[in-house]
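One letter stands for each residue in the lines below.
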Amino acid sequence: LNKSYGFSKFIIVVPSLAIKEGVYKSLQITGEHFRRLYPGVIYDYFIYDSNKLEQVRSFAVADTISIMVINIDAFRKSFTDDPEKETRANIIHRQRDTLNGMRPIELIRETNPFVIIDEPQSVDTTPKSAEAIASLNPLCIFRYSATHVRRHNLIYKLDAVDAFDLELVKQIEVAGFAEENHHNNAYM
């Protein structure tokens, strides 16, 4: 998307802290792979942390590829309709002096990011989650999963053999079992 069309802002939305760490580790591991595919292309990635809002500003203003990994719970609570409850909203929705009175979500919205939802069957299943994802003002939403509950418009399928052929995994193992001496007993 960057090479062909110049898009540079990407947000990966995950359902849990464990998956957030796993996605971040995957970005680290695949770094060399992407440097081989796209030599000279500069990109940065980070895990959203409400204590490090300068990263959101950097994400918004960088002219290179920027990837933010964020847990859905970090931006699901918004009280835009009720300013008295703003102190209970996620920090991403609150005005910050360090951002010249802006809300971090406003900086993100202005970038019109591509949103990649990892495990959509766990992330965008409620109206509140859908509202939260829409609050990012995405240009496009990709849902990445091996077990979609609802299929949207399938654009790509990557199976284990394709992943091996593309050198995304080192090996493929197939586990199996065989029946032995079952005679008249129950067996699988």
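Given the structure is predicted, the values throughout are model-derived calculations rather than measurements. (Residues numbered from 1 in each chain as written. Predicted model: local features only at pLDDT ≥ 70, side-chain atom pairs only at ≥ 80, totals over all residues. Heavy atoms only, no water.)

Asks: I'd like a description of the overall build of the protein, backed by residues and values.
Replies: A tally of helices and strands in the protein yields eight helices and five strands. In sequence order, the protein lays out its α and β elements as α-β-α-α-β-α-β-α-β-α-α-β-α. For the protein, the residues scored as buried account for 29% of the 188 residues in total. Look at the contacts in the protein between residues 6 or more apart in sequence, and 58% of them connect residues 24 or more apart. For the protein, the exposed area adds up to about 12,800 Å²; of that, 51% sits on carbon and sulfur atoms. (Helix = DSSP H or I, 4+ residues; strand = E, 2+ residues; numbered from the N terminus. Buried < 20%, exposed > 50% of the residue type's maximum accessible area, 1.4 Å probe, protein only. Contact = heavy atoms within 4.5 Å. Areas by Shrake-Rupley, 256 points an atom, 1.4 Å probe, with all protein chains shown as cover.)

Asks: So what about the sheet that holds strand β4 (residues 114-118)? Which residues, and what values?
Replies: Read from one edge of the open sheet, five strands run β2-β3-β1-β4-β5, paired in parallel fashion. Either end of the sheet is taken by a strand with one partner, and the two such strands are β2 (43-47) and β5 (140-144). Mean inter-strand twist for the sheet, computed between neighbouring axes without regard to direction, equals 20°. Its contacts with the sheet place helix α2 (residues 17-29) against β1 (9-14), β2, β3 (65-71) and β4, and it is angled at close to 160° to β2. (Pairing = 2+ DSSP bridges. Axes fitted to C-alpha atoms, helices over the stretch in contact; angles between N-to-C directions.)

Asks: How would you sum up a nonpolar patch on the surface? Please name residues and give values.
Replies: Residues I155, Y156, L158, V161, F164, L166, L168, V169, I172 and V174 make up a contiguous nonpolar surface patch of about 970 Å² in total accessible area. The exposure class assigned to L168 is partly exposed, which follows from its relative accessible area of 38%. (Patch = residues over 30% accessible without salt bridge, like charges linked within 9 Å, V, L, I, M, F, W, Y side chains within 5 Å. Salt bridge = Lys/Arg side-chain N within 4 Å of Asp/Glu carboxyl O.)

Asks: Tell me about the pattern of salt bridges, and please be specific about residues and values.
Replies: With the rule as written, the count across this model stands at six salt bridges. The residue D73 makes a salt bridge to R76 at a minimum N-O spacing of 2.5 Å. Residue D73 is classed as partly exposed on the basis of its relative accessible area, which comes to 43%. According to the relative accessible area criterion, R76 is partly exposed, its value standing at 23%. Between E106 and R103 there is a salt bridge, and its shortest N-O distance comes to 3.5 Å.

Asks: Report on the pairing of β2, specifying residues and quantitative values.
Replies: As paired elements, β2 and β3 share five bridges and run parallel to each other. Following the sheet pairing, I47 is matched in β3 by V69. In this fold, the crossover linking β2 to β3 by way of helix α4 (residues 54-61) has right-handed handedness. (Right-handed = clockwise from strand over helix to strand, strands pointing away.)

Asks: Break down unusual backbone geometry for me, citing the residues and quoting the values.
Replies: If you check the backbone angles, N112 has positive phi at about 45° while not being a glycine. Relative to the helices and strands, N112 is located in the loop between α5 (104-110) and β4. Residue N112 is classed as partly exposed on the basis of its relative accessible area, which comes to 34%. In this structure, E119 takes a positive phi of about 60° despite not being glycine. The exposure class assigned to E119 is partly exposed, which follows from its relative accessible area of 25%.

Asks: Please give an account of the environment of A89 that cites residues and values.
Replies: Within the secondary structure, A89 is located in the loop between β3 and α5. Separated by 11 residues in sequence, A89 and S78 have C-alpha atoms that sit 4.9 Å apart.

Asks: Explain the packing of aromatic side chains to me, using residue names and the numbers behind them.
Replies: Taken as a whole and judged by the stated rule, the model has seven aromatic pairs. Taken together, a centroid distance of 5.5 Å and an interplanar angle of 65° make the contact between Y24 and Y45 edge-to-face. Taken together, the residues Y24 in helix α2 and Y45 in strand β2 connect sequence positions 21 residues apart. The partly exposed category is assigned to Y24, whose relative accessible area is 24%. (Phe/Tyr/Trp six-rings, centres within 6.5 Å; stacked < 30°, edge-to-face > 60°.)

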